[in-house]
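So you can see what is in the structure, the chains are spelled out below.
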Amino acid sequence: MFDRSILKTLGIKDENFGSSTGLKWGKTTSEGVLNIHSPVDGKLIAKVHQASADDYEHVVKTAEEAFKYWRSIPAPKRGEIVRQIGNKLREFKEPLGTLVSYEMGKSLQEGWGEVQEMIDICDFAVGQSRQLYGFTMHSERPSHRMYDQYHPLGAVVTISAFNFPVAVWSWTAIAVQHILAPVLKENNIPEGVFSLVVGRGSSIGEKILNDKRIPLVSLTGSTRVGKHAGEVISRRLGKYILELGGNNGIILTPHTNLPMAIPAVVFGAVGTAGQRCTSTRRLIIHESIYDKVKESLLKAYSGLKIGDPLDQKNHVGPLIDKAAVKTFVDALEQVKKEGGTVISGGQVLSGKGYESGCYVVPAIVEAENHYPIVQEETFAPILYLIKYSGEVEKAIEIHNDVVQGLSSAIFTNNLLEAETFLSHWGSDCGIANVNIGTSGAEIGGAFGGEKETGGGRESGSDAWKAYMRRQTNTINFGKTLPLAQGIKFEI
């Protein structure tokens, strides 16, 4: 049962405003109200008054002015602010993670883990603030030095999705905004450095996409939304990072360690009720172990506990809303029409503990990769079993034969198969794993995918460069003016 005192701890009121520039909040009440219900029990959590066009304009103008100040602060000093934010998140990890679980429906462990991911990113960013390296190049001209450096890009916008509300900073951002407020106040950070706008996609969303003052938009969402955003932003020659759909597959070869693979497959398929962009959707199994794998999965699924995600005894919580339940049911009906066989699950649960109408039994389906519904990303706990024969190259061919390219994995103790999967002619995804599943990426690596997943990268490695303005510098410390390529020009 959810302890509603958590809302007070996190600064969430019965009614909340949908825009903030840091410590100050908008007051608009005329743009409609979002009634935020929990999929756990169907109860109202809180209301949010959506922001207006005037609110958006105020936030952007405030951010523009704040950027002029913020960019002048040395990066390690900015990193110190991020360190303090990370410490605040540590302080509120338990209540914030619990709210994530209740608001979104993921397990309590996953809710806490999501806040921990945010903390990890803060730690990473603190170190990164002292490592914004550029390169020094040797010039062909005497007494010249060349190097490149990275400058802050400007006020950027993150548009997020429901499934990771704090790690990507979205719905529960109202709570996060309250958590970081003391850090802003104690360090005299001006309004506009950390801002929030909650509004309609058709109005506020379109303004963001078309706004030339926003040099970069990072968007997490569906491929359909991402295509539209990319088109609109490209028309103004803006930059974007797209984190879109995934149709993630795991290959099980004859050399698979099944006791290791089965838990990874099950967590990947049913964790967050199949509502991660990295959720495992396709399992590509060699014919020699197919029956054994199927038997193991049926046994594992039969032991899944479905219910309130705040109860740590449960493995699977609810889908986000009844529309998601309909999508789940419709996909199963469609795959049966296309020739697939549902061998486990697929029911919508009702009765005590399931009053919200958002709980389903995760499904296992025997299918073929070419089925139209298998080619789509269904944001629900449906695992398609696909049989292959021959060498690992055939499995890779099946794996890559979808339009999405986010996360992928192979389970094998055969070095040749593992290296083939990771080779130029192997997995075509942005993430390719060996002997771990598709779900649950660490923050140290760049996160993102290829093809219709969008091509963007976030988080670790050198993903920070996308948020920077790159500049090449050439310094002449000589007394003559030689030109590049040996060009002669005399006046």
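Our subject is the structure listed above.
Residues numbered from 1 in each chain as written. Predicted model: local features only at pLDDT ≥ 70, side-chain atom pairs only at ≥ 80, totals over all residues. Heavy atoms only, no water.

A.B. asks: What's the story with the overall build of the protein in this structure? I'm lost.
C.D. replies: A tally of helices and strands in the protein yields 14 helices and 22 strands. Here the protein has a C-alpha radius of gyration of 25 Å; the compact-globule value for 491 residues is 23 Å, and the two agree. Structurally, the protein occupies a C-alpha span of about 80 × 60 × 40 Å along its principal axes. Counting only contacts in the protein whose residues sit at least 6 apart along the sequence, the fraction spanning at least 24 positions is 72%. When the accessible surface of the protein is summed, it comes to about 23,300 Å², and 53% of that surface belongs to carbon and sulfur atoms. Of the side-chain charges in the protein, 52 are positive and 54 negative, and the distance between the mean point of each set is 6 Å. (Helix = DSSP H or I, 4+ residues; strand = E, 2+ residues; numbered from the N terminus. Rg over C-alpha atoms; globule rule 2.2 N^0.38 Å. Contact = heavy atoms within 4.5 Å. Areas by Shrake-Rupley, 256 points an atom, 1.4 Å probe, with all protein chains shown as cover. Lys, Arg positive; Asp, Glu negative; His and termini not counted. Charge placed at Lys NZ, Arg CZ, Asp CG, Glu CD.)

A.B. asks: Got a minute to help me understand helix α9 (residues 258-270) in this structure?
C.D. replies: Owing to its 3.6 residues per turn, the α-helix brings residues three or four apart onto one side. For α9, spanning 13 residues, the distance from its first C-alpha to its last is 18 Å, which sits close to the expected 18 Å at 1.5 Å a residue. Buried residues in α9 make contact with β11 (248-252), β12 (280-286), α10 (290-302), β15 (382-388) and β17 (407-411). (Expected span 1.5 Å × (residues − 1).)

A.B. asks: What's the story with the packing of aromatic side chains in this structure? I'm lost.
C.D. replies: Both the distance between ring centres and the angle between the ring planes are used here to describe each pair of aromatic rings. Throughout the structure, instances matching the rule amount to four aromatic pairs. One residue, K106, lies across the ring of F164, its end atom 3.7 Å from the ring centre. Positioned above the aromatic ring of Y290, the side-chain terminus of K387 is 4.6 Å from the ring centre. (Phe/Tyr/Trp six-rings, centres within 6.5 Å; stacked < 30°, edge-to-face > 60°. Lys NZ or Arg CZ within 6 Å of the ring centre and 35° of its normal.)

A.B. asks: Is there a simple way to think about the pattern of salt bridges in this case?
C.D. replies: Where charged atoms from two side chains of opposite charge approach closely, those side chains can pair. Applying the stated criterion across every chain yields a total of 19 salt bridges. Here K68 and E65 are joined by a salt bridge, their closest N and O atoms 3.1 Å apart. Of this pair, K68 and E65 both sit in helix α2 (residues 53-70), three residues apart, roughly one helical turn. Overall, K68 belongs to the partly exposed group, its relative accessible area being 47%. Put simply, E377 and R281 hold a salt bridge, and the shortest N to O gap is 4.0 Å. Of this pair, E377 sits in the loop between α12 (372-375) and β15 while R281 sits in strand β12, and the two are 96 residues apart along the sequence. When its relative accessible area of 26% is taken as the criterion, E377 is described as partly exposed. By sharing partners, the salt bridges in this structure join E57, K61, D211 and R213 into a single network. (Salt bridge = Lys/Arg side-chain N within 4 Å of Asp/Glu carboxyl O. Buried < 20%, exposed > 50% of the residue type's maximum accessible area, 1.4 Å probe, protein only.)

A.B. asks: Mind showing me how you'd approach the environment of H37 here?
C.D. replies: With respect to the secondary-structure elements, H37 resides in strand β3 (residues 33-37). When the C-alpha atoms of H37 and M104 are compared, they prove to be 9.3 Å apart, with 67 residues separating the residues in sequence. Filtering out sequence-adjacent residues up to four positions away, H37 remains in contact with G42, K43, L44, I45 and E103. Only 3.3 Å separates the side chain of H37 from the backbone oxygen of N35, close enough to count as a polar contact. (Polar contact = N/O pair within 3.5 Å; in protein donor to acceptor, adjacent residues only side chain to side chain.)

A.B. asks: It is not clear to me how the layout of surface pockets should be interpreted in this structure. Could you clarify?
C.D. replies: Taking a probe equal in size to a water molecule and rolling it over the atoms shows the remaining empty space. For the second largest pocket, the calculated volume is near 270 Å³. Forming the boundary of the second largest pocket are 17 residues, of which S107, F267, V270, N314 and H315 lie nearest the centre. Among the secondary structure elements, those contributing two or more residues to the lining of the second largest pocket are α5 (108-128) and α9. Per-class residue counts for the lining of the second largest pocket are seven nonpolar, seven polar and three charged. (1 Å grid on protein atoms, 1.4 Å probe; cavity = no way out; pocket = protein on both sides within 12 Å on 5 of 7 lines; lining within 4 Å. Points joined across faces, edges and corners; volume = space filled by probe spheres on them. Nonpolar A, V, L, I, M, F, W, Y, C, P; charged D, E, K, R; others polar.)

A.B. asks: What's the story with the packing of helix α7 (residues 201-210) against helix α8 (residues 223-235) in this structure? I'm lost.
C.D. replies: The description of two helices packed together rests on the angle between their axes and the distance between the axes. Orientation of α7 relative to α8, taken along the N-to-C sense of each, is 45 degrees, at an axis distance of 8 Å. Taken together, the axes of α7 and α8 are oblique relative to one another. Touching E206, L209 and N210 of α7 are H228, A229, V232 and I233, all from α8. Residues belonging to the contact of α7 with α8 are distributed by class as follows: four nonpolar, two polar and one charged. (Axes fitted to C-alpha atoms, helices over the stretch in contact; angles between N-to-C directions. Parallel < 35°, antiparallel > 145°, perpendicular 65-115°, else oblique.)

A.B. asks: Please explain the sheet that holds β3 as it appears in this structure.
C.D. replies: Across a sheet, paired strands are connected by hydrogen bonds in the backbone, their directions being either parallel or antiparallel. Across the sheet, which stays open at both edges, the three strands sit in the order β1-β4-β3 with mixed pairing between neighbours. The outermost strands of the open sheet, each flanked by one partner alone, are β1 (15-17) and β3. Averaged over all pairs of adjacent strands, the angle between their axes in this sheet comes to 25 degrees, without regard to strand direction. Bridge analysis of β3 against strand β4 (residues 44-49) gives five bridges, and the strand direction is antiparallel. Across the sheet, residue N35 finds its bridge partner in β4, namely K47. (Pairing = 2+ DSSP bridges.)

A.B. asks: Would you mind going over the environment of I262 with me for this structure?
C.D. replies: Examined against the element boundaries, I262 turns out to sit in helix α9. Residue I262 is classed as buried on the basis of its relative accessible area, which comes to 11%. Note: C-alpha distance between I262 and S107 (155 residues apart in sequence) is 20 Å.

A.B. asks: Sorry if this is basic, but what is going on with unusual backbone geometry here?
C.D. replies: It is generally the case that most residues other than glycine have a negative phi and that most peptide bonds are trans. In this structure, L237 takes a positive phi of about 60 degrees despite not being glycine. Positionally, L237 belongs in the loop between α8 and β10 (239-243). Exposure remark for L237: the relative accessible area of 77% places this residue in the exposed category. Despite not being glycine, A273 shows a phi value in the positive range, around 55 degrees. Mapped onto the elements, A273 comes out in the loop between α9 and β12. A residue is classified by how much of its surface remains accessible, and A273, at 3% relative accessible area, is buried.

A.B. asks: I would appreciate a short explanation of the sheet that holds strand β22 (residues 468-476) in the present structure.
C.D. replies: Taken together, the three strands give an open sheet; going across it, the order is β5-β6-β22, and neighbouring strands pair in antiparallel fashion. Here the strands that pair on one side only, and so sit at the sheet edges, are β5 (136-138) and β22. Here the strands of the sheet are splayed against their neighbours by 25 degrees on average, with no regard to which way each runs. For strand β6 (residues 144-152) and β22, the ladder comprises nine bridges, and the chain directions are antiparallel. For Q149, the partnering residue across the bridge sits in β22 and is Q471.

A.B. asks: Hey, could you run me through a nonpolar patch on the surface in this one?
C.D. replies: Together, L481, L483, I487, F489 and I491 give the surface a local cluster of nonpolar side chains, amounting to about 650 Å² of exposed area. Mapping I491 onto the fold places it in the segment after β22. Looking at I491, the relative accessible area reads 99%, which means it is exposed. (Patch = residues over 30% accessible without salt bridge, like charges linked within 9 Å, V, L, I, M, F, W, Y side chains within 5 Å.)

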